[in-house]
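Take a look at the letters that make up each chain.
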Amino acid sequence: MIAVVENRSQDEYRLAGLHNKYVANKQWLINTRYREEFHAPTMTIMDYPLPIGAVPGSHNKTFSIEGFLGMERQSVKYAGHAIGFVFCPFICPEVNYAIFKR
């Protein structure tokens, strides 16, 4: 059995842990469909629920990504959201951080 939750602060997350169940986020459902095979949600950070909160100092900061495609782009975007940044699809003067691929 797998509990699909939004974040690690939910009661369902704690209960699933107490009952030794897998815990995943909604992205895991999409990724599993894309992979066409079962992978435990603990195999990748993208499939595991995020904690509530952010890295101190990351509030009201934006980031943009250039040069990444597909799942690689999604992974970088997910990492930025996990830190607490807000994603901006374009490089513009309001962007605080830009992540480029060489």
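Procedures and definitions
- Residues numbered from 1 in each chain as written.
- Predicted model: local features only at pLDDT ≥ 70, side-chain atom pairs only at ≥ 80, totals over all residues.
- Heavy atoms only, no water.
- Pairing = 2+ DSSP bridges.
- Helix = DSSP H or I, 4+ residues; strand = E, 2+ residues; numbered from the N terminus.
- Contact = heavy atoms within 4.5 Å.
- Axes fitted to C-alpha atoms, helices over the stretch in contact; angles between N-to-C directions.
- Phe/Tyr/Trp six-rings, centres within 6.5 Å; stacked < 30°, edge-to-face > 60°.
- Buried < 20%, exposed > 50% of the residue type's maximum accessible area, 1.4 Å probe, protein only.

Before we move on, could you go through the sheet that holds strand β5 (residues 97-100) and cite the residues and values that matter?
Paired through their backbone hydrogen bonds, the strands of a sheet run either parallel or antiparallel. Pairing is parallel in the open sheet, where three strands are placed in the order β4-β3-β5. The open sheet has two edge strands with one neighbour each: β4 (86-87) and β5. Note that strand β3 (residues 62-66) and β5 share four bridges and pair parallel. Of the residues in β5, the one forming a bridge with Ile65 is Ile99. The sheet strands contacting helix α3 (residues 70-83) are β3, β4 and β5, and the helix crosses β3 at an angle near 165 degrees.

Break down the packing of aromatic side chains for me, with residues and values.
In this structure the tally under the stated criterion is five aromatic pairs. Look at Trp28 and Phe38: their rings are 6.0 Å apart centre to centre, the planes differ by 80 degrees, and that puts the pair in the edge-to-face class. Here Trp28, found in helix α2 (residues 26-35), pairs with Phe38, found in the loop between α2 and β3; they are ten residues apart in sequence, far enough to count as distant. Where Phe63 meets Phe85, the ring centres are 6.0 Å apart and the plane angle is 45 degrees; that geometry is what we call tilted. Placement of the pair is Phe63 in strand β3 and Phe85 in the loop between α3 and β4, with a sequence separation of 22 residues. Its relative accessible area of 0% is what places Phe63 among the buried residues. Taken together, the aromatic side chains of Phe63, Phe85, Phe87 and Tyr97 make up a single cluster linked through ring pairs.

Coordinates in, geometry out; function isn't part of it.
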